Amino acid sequence: MEIDMPEKSNADAKSLLVYFDLETTGLDTNAQIVQIAAKCGRYEYSVYVNPTKEISKSATKVTGLSNSGGMLCLNGKAVESVDLQEALIAFKQFLESLSKSKKYLLVAHNATFDIRVFLNSLVSCNMLRDFEVVVGFSDSLKAFKKLIIEKKKGPGQFTLKGLATKYLEPKDLENFHDATGDVRVLEKLVKYFTCQELLNSLQKSYYDCCNKVHENNKINFKLQYLRELKGVLSLTYLKKLAKYNITYQQLLELYKKEGADGIHKLFTEKSEGKVKITKDIKVLNTLVHFFQTDL
């Protein structure tokens, strides 16, 4: 579970903004990259990646990308693609070619998912340290929400397509859900709102993002020791238990030894001034009832 973490680094207001986007096999926690695109001024990078898992039907419907006979296809036709490590090495080379002295701030729209998939990909290829040229990440969605005062109800207003349709000229629109088109549109929107400085101020360091993904991965790994409680407790509470290294077996032994009082005491214990798991009586009673009927 331990990985070779990058060195800690501070935010850098002089870093180059590089707009990037990923297309993936789906939206699940183990999603893989099928396209990487990036743009910085007149320089662009784009590559298709042949994944090792099947692309979901919902993802194909959005992007047009699918697997067929070991090949990556776009709208049913095979496209040239490379394996993940080759794509990441080429992406690093692209970044390094942009400047000999500056580091890079990667900007994505609704970036949380892209950051997680990108960093998990680096972990799988043992390349976290190779990307120390990246100073951090910034989410354009957060920037646009700060700048646009008039917020309408309903979905779609802050999607890349929704923003581009409203604020850009028709000639500036691209193919959405194609990573190359998305980064071009994103760069145009940032220029339209002149929010480069805001994006810099919103950045999260590369180290902090790597550390957060690593901690989340450790928690997800520990969930296997709580699988008996799937459907009994919500994923939120299961992740809290995993965070504190509490297993199903430990809970069962605690219940056998101390009964409901032991469960209540453990769940409502405080750490750094906050309740560890929950003090919600319904949740506590649900777990106690499960042990009562299970024994």
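Residues numbered from 1 in each chain as written. Predicted model: local features only at pLDDT ≥ 70, side-chain atom pairs only at ≥ 80, totals over all residues. Heavy atoms only, no water.

Draft legend 1. Just unusual backbone geometry, in detail. Of note, the phi angle at Asn 75 is positive, near 55°, even though the residue is not glycine. In this fold, Asn 75 is placed in the loop between β5 (71-74) and β6 (77-78). Of note, the phi angle at Asn 110 is positive, near 55°, even though the residue is not glycine. Inspection of the secondary structure puts Asn 110 in the loop between β7 (104-108) and α3 (111-124). (Helix = DSSP H or I, 4+ residues; strand = E, 2+ residues; numbered from the N terminus.)

Draft legend 2. Structural view of the sheet that holds β6. Taken in spatial order, the three strands line up as β4-β5-β6 in an open sheet, and their pairing is antiparallel. Of all the strands in the sheet, the pair left with one neighbour each is β4 (65-68) and β6. (Pairing = 2+ DSSP bridges.)

Draft legend 3. Fine view of the packing of helix α4 (residues 140-147) against helix α6 (residues 179-193). For the pair α4 and α6, the least separation of the axes is 11 Å and the interaxial angle reads 30°. Considering the angle they form, α4 stands roughly parallel to α6. As for the relative orientation of α4 and α6, their crossing is left-handed in sense. Between α4, through Ser 140, Phe 144 and Leu 147, and α6, the contact on the second element is made entirely by Leu 186, Leu 189, Val 190 and Phe 193. (Axes fitted to C-alpha atoms, helices over the stretch in contact; angles between N-to-C directions. Parallel < 35°, antiparallel > 145°, perpendicular 65-115°, else oblique. Left-handed = near helix turned anticlockwise from the far one by under 90°. Contact = heavy atoms within 4.5 Å.)

Draft legend 4. Quick peek at the packing of helix α2 (residues 84-98) against α3. It is the contact of α2 with α3, at a shortest axis distance of 10 Å, that shows an interaxial angle of 110°. On the basis of their axis angle, the class for α2 and α3 is roughly perpendicular. Facing α2, whose interface residues are Leu 84, Leu 88 and Phe 91, α3 presents Phe 118, Ser 121, Leu 122 and Ser 124. Tallied by class, residues from the contact of α2 with α3 come to five nonpolar, two polar and no charged. (Nonpolar A, V, L, I, M, F, W, Y, C, P; charged D, E, K, R; others polar.)

Draft legend 5. Just the nonpolar core, in detail. Counting residues in hydrophobic clusters, the biggest one holds 39 residues, and the most contacted among them are Ile 36, Phe 91, Leu 95, Phe 118, Leu 119 and Phe 131. Contributions of two or more residues to this core are made by β1 (16-24), β2 (33-40), β3 (43-48), α2, β7, α3, β8 (134-139) and α8 (206-222). Here Phe 118 is in contact with Phe 20, Leu 22, Ile 33, Leu 88, Phe 91, Leu 106, Phe 131 and Phe 137, once residues within four sequence places are set aside. (Core = buried A, V, L, I, M, F, W, Y, C linked by side-chain atoms within 4.5 Å. Buried < 20%, exposed > 50% of the residue type's maximum accessible area, 1.4 Å probe, protein only.)

All quantities given are derived from atomic positions and should not be read as evidence of function.
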